Amino acid sequence: MPSQWTSEQVLALAPDAASAKNGRGLATLRKWSSLGCSSSVVWGECQGSGNDPYRTQIDVSEPAFRCSCPSRKFPCKHGLGLFLLLAEQANEFAETEPPAWVAEWVLSRSQRAEKQAAKQAKQQEQVADPTAQAKRAAARQHKVSLGIQDLRLWLEDRVRQGLATVQQEAYQVWDTVAARMVDAQAPGLARQLREMAGLANLSAGGHARLLERLGQLYLITEGFQHIDSLPLEVQADLRTQIGWTVSQDEVFNRKPHSDLWLVVGQRTEVEDRLRIRRTWLLGIGTATFALLLDFAHGQQPFEHSFLSGTCLEAELVFYPSAYPLRALIKTRQEAVLLSKQPPGKTTIAEAIATYSHAFAVCPWLEQFPLLLQAVVPFREGDHWLIQDAQGAVLPLSNRLEPRQAWQLLALSGGTPLTIFGEWNGDDLLPLNVWMEESLYGLG
């Protein structure tokens, strides 16, 4: 089976550094007693500490993993080791008929996909009781309205008192009003208030950032008072900020957008025990960005795996918004590798102008995708920056770890490269870098 994956892409799937190291240790032929492939599936048996070898299999079209080892990490070290072996020694995988344990897994995946499709079709056919639905919606609208009024009064008092003493205030000050928003069925507002409690304890720039977030929150309350007079897309943004959810069935009924979608970046963050993964896609034909959000609790694996630098021929459907970014995959084909740099903005001014337009129509964007060509990273004092050919500079986020910043500098060596990252209005967090035709992950 010809391999289109690189070792860097495979290691980017590792759930932690220990798994990456252990997976690397298993990426050698002497660890595997059998290897094979058929269509998009590869498999192998790896001898562990027990009598029976662990049976590992990968469907590289997503990719999806399965292993008989007891590890709760996903993918486990055997999955990573087998995938690394495929990336580095693909000729060792002979095309053959899959053994029964592989055929059984392939069949179960196919049956599960068919059941899921049938379930979605059945849900779309079911008609909810419109009377009961309207009654529930009206009850929630009333509770949210009362909560919004409460929040407006609190925000006005907050600004009237000033922010000079905010650092001496206890977390409970923010948590108390956040709890009232939960009671008002406005969880989105509660989340933002709890995030502001963290900003209140920042030193340099914290007050300015906090005032900005308070202003954005007040804008939500102002918009909600006039929501019926606003365009439908702006109404959708306001409802999302407040905490209304849109069902996947509703999204799947929206117009699909077909393209060759390149995975340009990925980042996973943890809130309590909930892991949130942002996967950024770029439509090669339409130059449109899309954001896939995945959630997993604890050590549970994400439902889908995506490799940076690969392309999906897929149909996406976007959530309603004045500046649509979040999307779902409606249909997809097998992933392929893009063997060249993706097209990006050639100047920082052009990229920031795009962000400014997006922010003007949706002022609650928390992360914005920026793909910049021909920029050079450099260090000035304790700060990291990038510079384009026009001499314009952008600051890099202090969330970029020192080793990642030095890696970025080493990759460049003073020559221009292509960077994809998340812009938050203040700084850029690089996730991936293209140097000539090679991709390097930083996320």
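Below is a short write-up of the structure. (Residues numbered from 1 in each chain as written. Predicted model: local features only at pLDDT ≥ 70, side-chain atom pairs only at ≥ 80, totals over all residues. Heavy atoms only, no water.)

1. Some points on the nonpolar core
Leu151, Trp174, Leu189, Leu193 and Ile242 are the most contacted members of the largest nonpolar core, which has 68 residues in total. Membership of the second largest hydrophobic core comes to 24 residues, among which are Ala27, Ile58, Leu80 and Phe93. (Core = buried A, V, L, I, M, F, W, Y, C linked by side-chain atoms within 4.5 Å. Buried < 20%, exposed > 50% of the residue type's maximum accessible area, 1.4 Å probe, protein only.)

2. Re the pairing of strand β8 (residues 310-318)
Regular strands have side chains that alternate between both faces of the sheet. Most of β8 sits inside the fold, with seven of its nine residues counted as buried. Sheet topology note: the β8/strand β9 (residues 327-332) ladder contains five bridges and is antiparallel. By the bridge assignment for β9, Leu316 is matched with Ile329. (Helix = DSSP H or I, 4+ residues; strand = E, 2+ residues; numbered from the N terminus. Pairing = 2+ DSSP bridges.)

3. Brief notes about the pattern of salt bridges
Per the stated rule, a full pass over the model turns up 20 salt bridges. Across the salt bridge formed by Arg109 and Asp59, the nearest N and O atoms sit 3.4 Å from each other. Of this pair, Arg109 sits in helix α4 (residues 100-125) while Asp59 sits in strand β3 (residues 54-59), and the two are 50 residues apart along the sequence. Note on accessibility: Arg109 and Asp59 belong to one class, buried. The salt bridge partner of Arg209 is Asp426, with a shortest N-O separation of 4.0 Å. Of this pair, Arg209 sits in helix α8 (residues 206-225) while Asp426 sits in the loop between β14 (417-423) and β15 (428-435); the two residues are 217 residues apart in sequence, bridging distant segments of the chain. A single network of salt bridges, built from pairs that share partners, joins Arg267, Glu269, Arg278, Arg399 and Glu422. (Salt bridge = Lys/Arg side-chain N within 4 Å of Asp/Glu carboxyl O.)

4. Description of α8
Owing to its 3.6 residues per turn, the α-helix brings residues three or four apart onto one side. In this model α8 runs 29 Å from its N-terminal to its C-terminal C-alpha over 20 residues, within 8% of the 28 Å that 1.5 Å per residue would give. For α8, every residue scored as buried is listed here: Gly206, Leu210, Arg213, Leu214, Gln216, Leu217, Ile220, Thr221, Gly223 and Phe224. (Expected span 1.5 Å × (residues − 1).)

5. Brief notes about helix α5 (residues 130-161)
Here α5 contains 32 residues, and its C-alpha end-to-end distance of 46 Å stays within 8% of the 46 Å for a straight helix at 1.5 Å per residue. Among the residues of α5, those classed as buried are Arg140, Val144, Gly147, Ile148, Leu151, Arg152, Trp154, Leu155 and Arg158. At the exit of α5 stands Gly162, carrying a positive phi of roughly 90 degrees.

6. Here we look at unusual backbone geometry
Between Phe74 and Pro75 the backbone carries a cis peptide bond, its omega angle lying at -10 degrees. Inspection of the secondary structure assignment puts Pro75 in the loop between β4 (64-67) and α3 (77-88). Look at Ala287: it is not a glycine, yet its phi comes out positive at around 55 degrees. Note on placement: Ala287 falls in the loop between β6 (274-283) and β7 (289-297). Phi angles above zero are rare outside glycine, and Ala374 is one such case at about 55 degrees. When you line up the elements, Ala374 lands in strand β11 (residues 368-380).

7. Structural notes on the packing of α5 against α8
The contact between α5 and α8 brings their axes to 10 Å, and the two run at 140 degrees. The orientation of α5 relative to α8 falls into the category oblique. As for the relative orientation of α5 and α8, their crossing is left-handed in sense. Residues Gln141, Val144, Ser145, Ile148, Leu151, Arg152, Trp154, Leu155, Glu156 and Arg158 of α5 touch α8, and the partners they reach there are Leu214, Leu217, Tyr218, Thr221, Glu222, Phe224 and Gln225. When grouped by side-chain class, the residues that make up the contact of α5 with α8 number nine nonpolar, four polar and four charged. (Axes fitted to C-alpha atoms, helices over the stretch in contact; angles between N-to-C directions. Parallel < 35°, antiparallel > 145°, perpendicular 65-115°, else oblique. Left-handed = near helix turned anticlockwise from the far one by under 90°. Contact = heavy atoms within 4.5 Å. Nonpolar A, V, L, I, M, F, W, Y, C, P; charged D, E, K, R; others polar.)

8. Describing the side chain of Arg158
Tracing the backbone shows Arg158 in helix α5. Residues in contact with Arg158, not counting those within four places in the same chain, are Leu163, Glu169, Val173, Trp174 and Leu214.

9. Details of the packing of α5 against helix α6 (residues 171-183)
One way to put it is that α5 packs onto α6 with a least axis distance of 8 Å and a crossing angle of 160 degrees. As summarised for this structure, α5 and α6 are arranged roughly antiparallel, according to the angle between their axes. From α5, Lys143, Gly147, Asp150, Leu151, Trp154 and Arg158 reach across to α6, where they touch Val173, Trp174, Val177, Arg180, Met181 and Asp183. A class-by-class count of the residues in the contact of α5 with α6 yields six nonpolar, one polar and five charged.

10. As for the sheet that holds strand β1 (residues 32-38)
Taken in spatial order, the four strands line up as β1-β2-β3-β4 in an open sheet, and their pairing is antiparallel. Each having just a single partner strand, β1 and β4 make up the two edges of the open sheet. For this sheet, the mean angle separating the axes of adjacent strands, direction not counted, is 10 degrees. Direction of pairing for β1 relative to strand β2 (residues 41-46): antiparallel, over a ladder of six bridges. Bridging from a neighbouring strand, Cys37 pairs with Val42 of β2. Together, β1, β2, β3 and β4 form the strand contacts of α3, whose direction differs from that of β3 by roughly 60 degrees.

11. So, the pairing of β2
Of all the six residues making up β2, six are buried; the element is thus mostly covered by neighbouring parts of the structure. On β2, burial covers both faces: Val41, Trp43 and Glu45 on one face and Val42, Gly44 and Cys46 on the other are all buried. Count of turn residues in the β1/β2 antiparallel hairpin: two residues, of which Ser39 carries a positive phi of about 55 degrees. Across six bridges, β2 lies against β3 in antiparallel orientation. By the bridge assignment, Cys46 is partnered in β3 with Tyr54.

12. Looking at the sheet that holds strand β16 (residues 438-441)
In space, the six strands of this open sheet follow the order β13-β12-β11-β14-β15-β16, with antiparallel pairing throughout. Each of the sheet's edge strands pairs with one partner strand only, and the pair in question is β13 (393-395) and β16. Ignoring which end each strand starts from, the neighbouring axes of this sheet average 45 degrees apart. Inspection of the sheet shows strand β12 (residues 383-387) paired to β13 by three bridges, in the antiparallel sense. Bridge pairing in β13 links Leu385 to Pro395. Along the sheet, helix α11 (residues 348-361) makes contact with β11, β12, β13 and β14, crossing β11 at roughly 135 degrees. Of the strands in this sheet, β11, β12, β14, β15 and β16 are in contact with helix α12 (residues 402-412), which crosses β11 at around 85 degrees.

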